[in-house]
Amino acid sequence: MAKVLIATEKPFAATAVAGMKDVIEGAGNELVLLEKYTEKAQLLAAVADVDAIIIRSDKIDGEVMDAAKNLKIVVRAGAGYDNVDLAAATAHNIIVENTPGQNANAVAELVLGILVFTVRNFYNGKAGSELMGKTIGILAFGNVGRNVARVAKGFGMNVIAYDAFCPAEAIEAAGVKACASQEELFKEADIVSLHIPATAETKLSINYDLCNTMKKGAILINTARKEVIDEAGLLRLMACREDLKYITDIKPDADAEFAKFEGRYFSTPKKMGAQTAEANTNAGIAAAKQINAYFAEGCTKFQVNK
Ligand code: NAD
């Protein structure tokens, strides 16, 4: 029997926890909960004797791993896993998994929702424009990117995409034009929607020069990670290109400075892309099932620190 800890500063919905409990206990494992913790010391104490941890945006670093002597697997219920120190996990022989795709539709619906809000001038009562017929450029055709393509097509948008690792044929098979490069995507799109992970390669990659190739009146929308944006460069560009808009679901460090571009900048008050009842439950249940599969069959299909 494995002891599984759900450690969440910001808890799952109660229905999600009930479902996860059924899944974990149904497989003969034990579930313990640490919710709304305020001090790292509480996390360090809670992990002392557990075999597995399910987290959301909670930080799992080397110190937590040192304190968790029996820990074998950490599952991040969600897509991004930059809150887990992968190198430390590998050094500790701990498997790290995410639950890809479970919140992708939620993020995609938010993208189109914020876009409508933006092109209608933040609902200020003045005439705006429409999305139909506009070109949306999707940077990274992963789980979220594919869902954005599906929803954008419903709006009658022209959809183009670029992904460094997904073959062009797979993009075209989804009825989307594949761009040969990130640069081509930025030049052709009226709206660029970012769906890249934050990696050594992508961090700060959305910079002054790249964004300066965007069409007149273009919109950059970021529901990925703030780290991929070169904030200083984008601020500089928006100061001289008064036609550009930056819309984000991840508040930039320089939020106050971006906010000076009135009518051209919007940030959700906090990351909301995956904040739906459905995504919350889907990701939590998927995490619980992945932990059962690991302890029952050694399944590591979703391991991210291979
Ligand atoms: P995913 O792993 O399914 O897809 C990521 C895609 O990025 C893959 O297709 C990969 O090939 C591609 N990629 C990686 N490096 C690239 C590069 N240098 N250039 C171009 N493409 C590259 O992930 P996902 O579930 O689609 O999530 C995408 C992003 O959205 C992540 O940054 C994730 O953290 C973020 N996200 C945010 C929210 C939110 O609440 N706003 C919710 C879910 C995901």
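Residues numbered from 1 in each chain as written. Predicted model: local features only at pLDDT ≥ 70, side-chain atom pairs only at ≥ 80, totals over all residues. Heavy atoms only, no water.

Draft legend 1. Seen up close, the pattern of salt bridges. For the coordinates displayed, the defined rule picks out 12 salt bridges. Glu184 is paired through a salt bridge with Lys177; the nearest N and O atoms lie 3.6 Å apart. Accessibility expressed as a relative area gives 23% for Glu184, which makes it partly exposed. A residue is classified by how much of its surface remains accessible, and Lys177, at 35% relative accessible area, is partly exposed. Where Lys215 meets Asp190, a salt bridge forms, and the shortest distance between an N and an O atom there is 3.4 Å. Here Lys215 is found in the loop between helix 9 (208-211) and strand 10 (219-222), whereas its partner Asp190 is found in the loop between helix 8 (182-188) and strand 9 (191-194), with 25 residues between them in sequence. By relative accessible area, Lys215 is classed as partly exposed at 31%. Relative accessible area serves as the criterion here: at 22%, Asp190 is assigned to the partly exposed category. Look at the salt bridges and you will find they share partners, linking Lys40, Asp61 and Glu63 into a network. (Salt bridge = Lys/Arg side-chain N within 4 Å of Asp/Glu carboxyl O. Buried < 20%, exposed > 50% of the residue type's maximum accessible area, 1.4 Å probe, protein only. Helix = DSSP H or I, 4+ residues; strand = E, 2+ residues; numbered from the N terminus.)

Draft legend 2. Quick peek at the sheet that holds strand 10. Strand order across the open sheet formed by 7 strands is 8-7-6-9-10-11-12, with parallel pairing between neighbours. This sheet does not close on itself; its edge strands, each paired only once, are strand 8 (177-178) and strand 12 (265-267). Bridge count for strand 10 against strand 11 (residues 245-248) is 4 bridges, and the pairing is parallel. Looking at strand 11, one finds that Asn222 is bridged to Thr248. On the sheet, helix 6 (residues 143-154) packs against strand 6 (135-139) and strand 7 (158-162) and is oriented at approximately 170° with respect to strand 6. (Pairing = 2+ DSSP bridges. Contact = heavy atoms within 4.5 Å. Axes fitted to C-alpha atoms, helices over the stretch in contact; angles between N-to-C directions.)

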